[in-house]
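Analysis of the macromolecular model
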Amino acid sequence: MEVEETASDEETRERRYKWSQMSLDELVGVYWQDIAPKRYRDGFDEDHDVPTYDWLTEHGYSGIAYALREHHDLTPKQFFVDVVGLEDESSDEWEWDVNHENTVNALEVYLNSIQTRGGRAESTVETHRTRLAKWVRTYRELHGTVALLEPLSDLDQQPGEIERCLAVLDVFDEELSTDRSKLEYLHVARAWYAFVKRRKYAKYNPLSEAGEEFGWEAGEPDPQALSASQVRRIYSEVDSPEAELLVVALAGWGLRPSEVAALHVDQVVLDAEDPHLSFGGGERKNGPGEVTLLYGVDVVAGRIDALSDRENWNGYLFPSRSSSTGHVSVSTIRRRFKQLADSAEVVVDGDTPTPKMGRRFWYSAYQEAVGEVLEGLEGVAEDQGSSSTEVVLRNYLSREQERKARRRKMYEKLETAFSR
């Protein structure tokens, strides 16, 4: 029998989150673990659309606004855009950040056309703008150029350009949470290429048949996370210090594939009391400025020692002499991880898992660790006559004690997943 939700039910939902006790990385975890799937089921693009305060309140998440304001000096919009990394279509300070006049002109002419001739709403035009910007930025990061029109004037370059565009889609396949989001980005980019072809700026559309390359479906279920046993099986297949660091960085630290590819020695702080990765200067849009290394300190330390012996090492933990960036591409990280998963014969929903499933394992494990810390306080709450474990956590444990308890639980989960 279905039980109707009452006001007290909503209060219970609010109480199970210790909003005021959470760090920014924990709040990010709540978004991807709990809020994002609900956004998807409500018809929103959870990688793109910023939740309104009304939506958060309606679904039992209003406490996050108070915690952000009082403890992190952030508005909900600042948190969702600058920390979680959702796109903000309404910003007046928007820039292409593209230093190539012909490309910018082609982008602007397209946007003007779909608004004036196509009759598209301003909000739709801004959605196209932000998605095209992500396409151009990702293309530049992979291929070292934003001159997107140049190869389109030569049919001899068509096979190579198709591969370059597919490499961009490979990145989207890793970094966007749902097939629906990936398809929306593909549709916008493909529409722009079709436009420049119609206007005779291009002789072909490199994305005309790109949808055939991927099994993306608009109505797929919520994204899956690897289990601890699956992480362990993949980890057992590592055959080099580089492969070991790759798996630890994805599933043990919860990094995105793009962050793994670009890891630099300057980001690694091997402090005995607080080893962590530093993402200073706003370089990590989709997460907190620091990532604590609860596990794998010996792995990254060993990798740095080995690379330090190389002549002319550029500081990247996954260096590449053939890449203009100095480090391996995101597609290389993706390919190497899938090779390890294939060797381990790990399958999720009938397919080889991708790196983002390792990242989701981290967030899933962290949420479980937080829950277990609360469960461990149930006896104390009963003895003290407290109404909930959250009250005990807030009133009887210092922030440092809570932090140590939470990290200890998470370490145990990571140790189980990475045991060999």
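Rules used in this analysis
Residues numbered from 1 in each chain as written. Predicted model: local features only at pLDDT ≥ 70, side-chain atom pairs only at ≥ 80, totals over all residues. Heavy atoms only, no water. Pairing = 2+ DSSP bridges. Helix = DSSP H or I, 4+ residues; strand = E, 2+ residues; numbered from the N terminus. Patch = residues over 30% accessible without salt bridge, like charges linked within 9 Å, V, L, I, M, F, W, Y side chains within 5 Å. Areas by Shrake-Rupley, 256 points an atom, 1.4 Å probe, with all protein chains shown as cover. Salt bridge = Lys/Arg side-chain N within 4 Å of Asp/Glu carboxyl O. Lys, Arg positive; Asp, Glu negative; His and termini not counted. Charge placed at Lys NZ, Arg CZ, Asp CG, Glu CD. Buried < 20%, exposed > 50% of the residue type's maximum accessible area, 1.4 Å probe, protein only. Contact = heavy atoms within 4.5 Å. pLDDT = per-residue confidence, 0-100. Core = buried A, V, L, I, M, F, W, Y, C linked by side-chain atoms within 4.5 Å. Domains from an automatic or database assignment. Axes fitted to C-alpha atoms, helices over the stretch in contact; angles between N-to-C directions. Parallel < 35°, antiparallel > 145°, perpendicular 65-115°, else oblique. Left-handed = near helix turned anticlockwise from the far one by under 90°. Nonpolar A, V, L, I, M, F, W, Y, C, P; charged D, E, K, R; others polar. Phe/Tyr/Trp six-rings, centres within 6.5 Å; stacked < 30°, edge-to-face > 60°. Lys NZ or Arg CZ within 6 Å of the ring centre and 35° of its normal.

One open sheet holds the three strands; their spatial order is β1-β2-β3, and the pairing between them is antiparallel. Strands at the two margins of the open sheet, each flanked by one partner only, are β1 (268-269) and β3 (290-292). Pairing analysis gives two bridges linking β1 to strand β2 (residues 276-278), with the strands arranged antiparallel. The residue bridging V269 from the neighbouring strand is H276, located in β2.

Moving on, we come to a negative patch on the surface. Among the surface-exposed residues, E163, E209, E212 and E213 lie close enough to one another that they form a single negatively charged patch. For E213, the position within the fold is in the loop between α9 (179-198) and α10 (228-235).

Attention now moves to helix α11 (residues 241-252). Across the 12 residues of α11, 10 count as buried, placing the element largely inside the fold. Of the residues making up α11, those classed as buried are A243, E244, L245, L246, V247, V248, A249, L250, A251 and G252. In the segment just after α11, G254 is the residue with positive phi, at about 75 degrees.

Moving on, we get to helix α5 (residues 76-84). For α5, the complete set of buried residues consists of F79, F80, V81, V83 and V84. At its buried positions, α5 is contacted by α2 (24-41), α3 (53-58) and α4 (63-71). Trailing α5 by a residue or two, G85 shows a phi angle of about 100 degrees, which is positive.

Turning next to the confidence of the model for the protein chain. Scored by pLDDT, the protein chain has a mean of 80; 82% of the residues are at 70 or more. The spread of mean pLDDT over the elements of the protein chain runs between helix α1 (residues 7-15), the lowest at 40, and α11, the highest at 95. Segment residues 90-94: pLDDT under 50, and four contacts once partners within four positions in sequence are set aside and those in other chains are kept. Note that pLDDT drops below 50 for residues 379-389; the model gives that stretch 12 contacts with residues more than four away or on any other chain.

Another aspect to go through is the nonpolar core. Within the largest apolar cluster, 73 residues are counted, with the highest numbers of intra-cluster contacts made by F79, W253 and F418. Counting contributing residues, this core receives three or more from each of domain 1 (19-83) and domain 3 (224-419). Non-local contacts of F418, meaning those with residues more than four positions away in its chain, are made with V231, Y235, V247, V248, A251, G252 and Y295. With 39 residues, the next largest nonpolar core counts L107, L148, L186 and A202 among its residues.

Another aspect to go through is unusual backbone geometry. Of note in the backbone geometry, N312 takes a positive phi value of approximately 60 degrees without being a glycine. With respect to the helices, strands and loops of the structure, N312 is situated in the loop between α13 (297-308) and α14 (330-344). If you check the backbone angles, E345 has positive phi at about 60 degrees while not being a glycine. With respect to the element layout, E345 can be found in the loop between α14 and α15 (355-375). Overall, the relative accessible area of 63% leaves E345 in the exposed class.

Contact geometry for helix α8 (residues 158-175) and α9: axes closest at 10 Å, N-to-C directions at 155 degrees. Here α9 runs roughly antiparallel to α8, going by the angle between their axes. Taken as a pair, α8 and α9 cross one another with a handedness that is right-handed. Of the residues in α9, those touching α8 at E161, C165, L169, F172 and D173 are K182, Y185, L186 and Y193. In terms of residue class, the contact of α8 with α9 is made up of six nonpolar, no polar and three charged.

Before going further, it helps to examine the packing of aromatic side chains. The full count for this structure, using the stated rule, is 16 aromatic pairs. Relative to W216, the ring of F214 has its centre 4.4 Å away and its plane inclined at 20 degrees; by these criteria the two rings are stacked. Here the two residues F214 and W216 agree in accessibility, since each one is buried. Taken together through their ring pairs, the aromatic side chains of W135, F172, Y185, W192 and Y193 make up a single cluster. The ring of W55 carries R39 above its face, with NZ or CZ at 4.7 Å from the centroid. Between the NZ or CZ atom of R131 and the centre of the ring of Y185, over which it lies, the distance is 5.3 Å.

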